[in-house]
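# Results of the structural survey
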Amino acid sequence: MITHYLKTAGRMLVKYKVYSVINISGLSIGLACGILILLFVRNELSYDRFHIKQKNLYRVNLIHEQAGQMTSMAVTVAAIGPSMIQDFPEVKGMTRMSSEQDGFFTWQNKHYFTSLISYADSSFFDLFSFKLITGNPKTVLAEPFTVVLSEKLAKQIFGDKNPVGEFIRLNNKDNLLVTGVVENAPPNSSIKFNALVSFSSLYKDPNVYLDWDGGYSYYNYIELSDNAKLSDLEKRFPGFLEKNINYKYKEVGVTVHMFVQPLRDLHLRSNLDYDTDTRGSLTMNYIFLAIALFILAIACINFMNLATARSMKRAKEVGLRKVVGADRKQIIRQFLGESVTTSFIALIGAIILIEIFQPEFNRLVNTELHLFRMENAGFIAGIFILTFAVGILAGSYPSFFMASYQPFKIMKGDFVVRSGKPVLRNILVVFQFFISSALILFTLLVFLQMKYINRKDLGYNKENVIYLTLHDSQVRDKIEILKTEFKYIPDVISAGASTGMPGYGLTSNGYFPEGYQEPVMIHALDVDYDFLGVMKIPVVAGRSFSKEFSTDANAFLINQTLAKKLGWTDPVGKKIMRDGKHPVIGMISDFHFSTLHTKIEPLLITMKPWDGYYYLAIRVAPGNLTNTLNAIEKKWTEVLPDQPFSVEFLDRYVANAYASENNTGETFLYFSLLAIFIACMGLFGLANYSGEQKRKEIGIRKVYGASDRNILTLLSSDFTKWVIVANILAWPLAYWAMDKWLQLFEYRTGISVWIFVLTFGITSVISVITIIYQVIHAAHANPVDTIKYE
């Protein structure tokens, strides 16, 4: 039976080669999109499920409440985990991780920069199922100043040498004993690391605060016992917090609340401040699934449209088969068999497309996906089921439609006369261009928003600014020497130090402004005398810090937002209290110290960093960048011969903060092109069929004097009017979706009318171009030949 279907399908493919190419191409693209997106969504849903204990693992989060304002944070104080072990019997285990940091390791006088360095408790490998290649999971992080390296970092530093037992130096400060090597964290892990330093090392540093009332820099994870009831546990959190910290915080009008999140929810269902960078978007997963479904639906619609459109050509075949004894079920099986066979042929094309475009797709979704791996065996089996289902779905309506033909009417010719208007085909064409128009609209909006971001005045000048990260106290102690040396470089305009760079975001603390009895949460940035000048952040009232005033070491600058929040129309001379009184000497213009996703918050600027400055910003002249960087590196090496040199460009860093949005725009662009391409292939096939069906009508019209223009209008209007209808129907839905997406940004572009007009123009022009050849061919045909042909 299968052989029979294959032979029949083969004959049909040869006989109707134009339609076959369109059907197979459309289904190949649809299947490729569907498979890639399903692979991506499967990976997203599998985050953190590889941990053996994942059902019992939770992260502890805090909510900071002050004056009715709630801030939910993924980071907590270090003391929470150990205290929960003592107070809650249901808490079977706990581990802590510090927030990730960049740094460098030194081995044999060579420096190796790396990101994702964290401190972790000795119980880390007990709770989590990361696989150690070498080392004992119970002891690798038990002692102070020990470190476990990822397989990738160990290879980078030591090559093929076994690193266990070797000492490496972190940030020219601590000598660490390598006690283990762990496999790289899998792509579907919300916990990422390149190096894990023993948490007990932090207790040896007198500058690190690990008690309850400060130091919000740690992720606390807990393991609950199998019989634990989460609701009962959470009821005891208020008393737990009151005993440990809230009794203190209430004196200053602050209350801390606590809640836990299942580890499995961290990737797709977490939207907290100071969370990890591995967060995904459940909404985007739904959108991607919908797009995959729509593109696959467009391909199936093409198949249905073309199959029903050419049904009259196969009507006699059906009639003859019924005359010689074939029943309705046999006819249905035949056409479904052809459809399924076509679908599996299209699967071959889909696999080829996946192999070609998977690297680009991986770049856009920022992950590493590979279809042909052992762990994907079940998924690959599902692909065959999907392909079979697509074949059945695409062929179902044409099969039942053609199986319903009555042989005596077909032989009499009544079928052709009474076939009526192709209402369903028109509805399906509208649906195809409805989806295409909506995708094009969303793509245009994403690019408009990115254009808005790139042109938005951020309140500072990010162009021609580089910055150096100051990893340790040895470097920070020589900032002034470095600045002096850099001034001798001709193309260095200015240099200034700070504890943060615009775009990074800043921490906040409680302060008591003049006239306020309760603390106000205010973001803080510590700078030196030159930093504001380097960044070109203007002072709009009062003055900036100056070496002429020794008291400026104790003074504050504030931004316009803070002045507005405090109700200060003239803030100069006001006082803000925290560890003493601090006079406000000036007000700076608002600038975006975080991304445009968040609004500008109240900010004060000081000159008293707690642990020194972390960054040195340098404004350079444009045009001779390579030589300038070489000169800066040479000066750095002269001053700090034992410190590695690393430079970043501020404009690139700010742009990278919107990499996800840029990738979203590119992704929707590709999806839009694919959707419109598949829809136009179907339109081309229908136009080809329509021209064939109306050959006699066209010939008669031309005999009675119709011009080529009249014929062109007649044939093209059959399709363009449905493209217009599709656009009109797509606009409300697209507007709603675009407005929802723009809500992610505090600062955003508007939804302009012209993108709707442009989308209409794009789809209309593309549809006309698609059918124009077939229409012109039919219009130029000799009427004598067409009438004779009929």
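Above this text you will find the structure in question.
Residues numbered from 1 in each chain as written. Predicted model: local features only at pLDDT ≥ 70, side-chain atom pairs only at ≥ 80, totals over all residues. Heavy atoms only, no water.

### Digging into the overall build of the protein chain
To keep things clear, this is the line we draw: The secondary structure listing takes helices from DSSP runs of H or I that are at least 4 residues long and strands from runs of E that are at least 2 residues long, numbered from the N terminus. Throughout, exposure labels follow a simple rule: accessible area from a 1.4 Å probe, protein chains only, divided by the maximum for the residue type, with under 20% read as buried, over 50% as exposed, and the rest as partly exposed. For every accessible area listed, the method is Shrake-Rupley and the probe measures 1.4 Å; residues are considered covered only by the protein chains on display.
From N to C terminus, the protein chain includes 25 helices and 23 strands. Per-residue burial over the protein chain gives 50% buried out of 790 residues. Carbon and sulfur atoms form 57% of the exposed surface of the protein chain, whose accessible area is close to 37100 Å².

### Here's the deal with the packing of aromatic side chains
Test applied: Aromatic rings from Phe, Tyr and Trp, taking only the six-membered ring of Trp, are treated as a pair when their centres fall within 6.5 Å; an angle between ring planes under 30 degrees marks them as stacked, one over 60 as edge-to-face, and anything in between as tilted. The rule for a charge over a ring is simple: NZ of Lys or CZ of Arg within 6 Å of the ring centre, and within 35 degrees of the ring normal.
Using the criterion set out here, one finds 29 aromatic pairs in the structure. Summarising the aromatic geometry, the rings of Phe128 and Tyr221 are spaced 5.3 Å apart at their centres and angled 85° between planes, so their arrangement reads as edge-to-face. With Phe128 in the loop between helix H4 (124–127) and strand E6 (132–134) and Tyr221 in strand E11 (residues 218–224), the pair connects residues that are 93 residues apart, well separated along the chain. Residue classification places Phe128 among the buried residues on the basis of a relative accessible area of 2%. By relative accessible area, Tyr221 is classed as buried at 4%. An aromatic cluster is defined as three or more aromatic residues linked by ring pairs; in this entry it consists of Phe50, Phe124, Phe125, Phe128, Phe130, Phe193 and Tyr221. A cation sits over an aromatic face here: Arg652 above Phe649, 4.1 Å from the ring centre.

### Brief notes about the packing of helix H3 (residues 80–87) against helix H7 (residues 237–249)
As a reminder, the rule being used: Each axis is a line fitted through C-alpha atoms, and for a helix only the stretch in contact is used; angles between axes span 0 to 180 degrees, taken between their N-to-C directions. Note that the term roughly parallel is reserved for angles under 35 degrees, roughly antiparallel for angles over 145, roughly perpendicular for angles of 65 to 115, and oblique for everything else. We call a crossing left-handed when the near helix sits turned anticlockwise from the far one by less than a right angle, and right-handed when that turn is clockwise. Contacts were defined at the residue level, with two residues in contact if any of their heavy atoms lie within 4.5 Å. Gly counts as polar in this scheme, as do all residues outside two lists: the nonpolar Ala, Val, Leu, Ile, Met, Phe, Trp, Tyr, Cys and Pro, and the charged Asp, Glu, Lys and Arg.
It is the contact of H3 with H7, at a shortest axis distance of 12 Å, that shows an interaxial angle of 120°. It follows that H3 is oblique to H7 by the angle criterion. Once H3 is placed against H7, the crossing between them reads as right-handed. Contacts between H3 and H7 pair Ile80, Ser83, Met84 and Asp87 from the former with Phe237, Phe240, Lys243 and Asn244 from the latter. Taken together, the residues that form the contact of H3 with H7 break down as 4 nonpolar, 2 polar and 2 charged.

### Let's talk about the pairing of strand E7 (residues 146–150)
Where we set the bar: Strand pairing is assigned whenever DSSP identifies at least 2 bridges connecting the two strands.
Most of E7 is tucked away: 5 of the 5 residues are buried. Judged by which residues are buried, E7 turns out to be covered on both faces: Thr146, Val148 and Ser150 on one side and Val147 and Leu149 on the other are all buried. The sheet contact formed by E7 and strand E9 (residues 174–182) spans 5 bridges and is parallel. Note that in E9 the partner of Thr146 across the bridge is Leu177. Here E7 pairs with strand E10 (residues 195–198) via 3 bridges, running antiparallel.

### Points about helix H16 (residues 479–486)
Along an α-helix, residues three or four positions apart point the same way, because every turn accommodates 3.6 residues. Put simply, the test is: Arc definition: directions from the helix axis to the C-beta atoms.
Among the residues making up H16, those that are buried are Ile479, Leu482, Lys483 and Phe486. Viewed end-on, H16 has its buried residues packed into an arc of 100°, placing them on one side of the element. Along its buried surface, H16 packs onto strand E13 (465–469), helix H15 (473–476), strand E14 (492–498), strand E22 (615–620) and helix H19 (625–639).

### Observations regarding a nonpolar patch on the surface
As a reminder of what qualifies: In this scheme, patches are assembled from residues that exceed 30% relative accessible area and form no salt bridge. Like charges are connected within 9 Å, while nonpolar side chains (Val, Leu, Ile, Met, Phe, Trp, Tyr) are connected within 5 Å. Salt-bridge detection follows one rule: a side-chain nitrogen of Lys or Arg within 4 Å of a carboxyl oxygen of Asp or Glu.
Side chains of Ile348, Ile352, Ile356 and Phe357 sit close together on the surface and give an oily, nonpolar patch of about 420 Å² of accessible area. Here Ile356 lies in helix H10 (residues 328–365).

### Things to note about the nonpolar core
Where we set the bar: Among the buried residues, those of types Ala, Val, Leu, Ile, Met, Phe, Trp, Tyr and Cys that are joined through side-chain atoms within 4.5 Å form a nonpolar core.
Phe433, Met535 and Ile605 are the most contacted members of the largest nonpolar core, which totals 103 residues. Leave out the neighbours within four places in its chain, and Met535 touches Tyr460, Asn461, Val465, Met501, Pro502, Ala617, Arg619 and Leu650. One finds Val75, Ile80, Ala185 and Leu241 within the second-largest nonpolar core, a separate group that totals 47 residues.

### Some remarks on H19
Counted only if it meets this: Expected helix span is given by 1.5 Å per residue-to-residue step, counting one fewer step than there are residues.
For H19, built from 15 residues, the straight-helix expectation of 21 Å at 1.5 Å per residue is met to within 8% by its first-to-last C-alpha distance of 21 Å. All of the buried residues in H19 are Thr628, Leu629, Ile632, Trp636 and Val639. Taken down its axis, H19 places every buried residue within 95° of arc, on the same side. The outward face of H19, more than 90 degrees from its buried face, is lined by the exposed residues Thr626 and Lys634.

### Let's talk about unusual backbone geometry
One non-glycine residue, Asn171, lies in the positive phi region at around 55°. Take Asn171: it is sitting in the loop between strand E8 (167–170) and E9. A positive phi is found at Asn464, a non-glycine position, where the angle reads about 60°. Tracing the backbone shows Asn464 in the loop between helix H14 (423–455) and E13. When its relative accessible area of 34% is taken as the criterion, Asn464 is described as partly exposed.

### Digging into the sheet that holds E13
Spatial strand order, E14-E22-E13-E23: 4 strands in an open sheet with antiparallel pairing. Each edge of the sheet is formed by a strand with only one pairing partner; in this case those strands are E14 and strand E23 (647–649). Ignoring which end each strand starts from, the neighbouring axes of this sheet average 25° apart. Relative to E22, E14 runs antiparallel, the two being bridged by 6 bridges. In the sheet register, Ser494 faces E22, and the bridge partner there is Arg619. The sheet contacts of H16 involve E13, E14 and E22, and relative to E22 the element is tilted by about 10°.

### Comments concerning the packing of H16 against H19
When two helices pack together, their arrangement is given by the angle between the helix axes and the distance between those axes. Packing of H16 against H19 leaves a shortest axis separation of 10 Å and a crossing angle of 140°. What the angle tells us is that H16 and H19 run oblique. Viewed along their axes, H16 and H19 form a crossing whose handedness is right-handed. Residue-level inspection shows Ile481, Leu482, Glu485 and Phe486 of H16 in contact with H19, the latter providing Ile632, Lys635, Trp636 and Val639. When grouped by side-chain class, the residues that make up the contact of H16 with H19 number 6 nonpolar, no polar and 2 charged.

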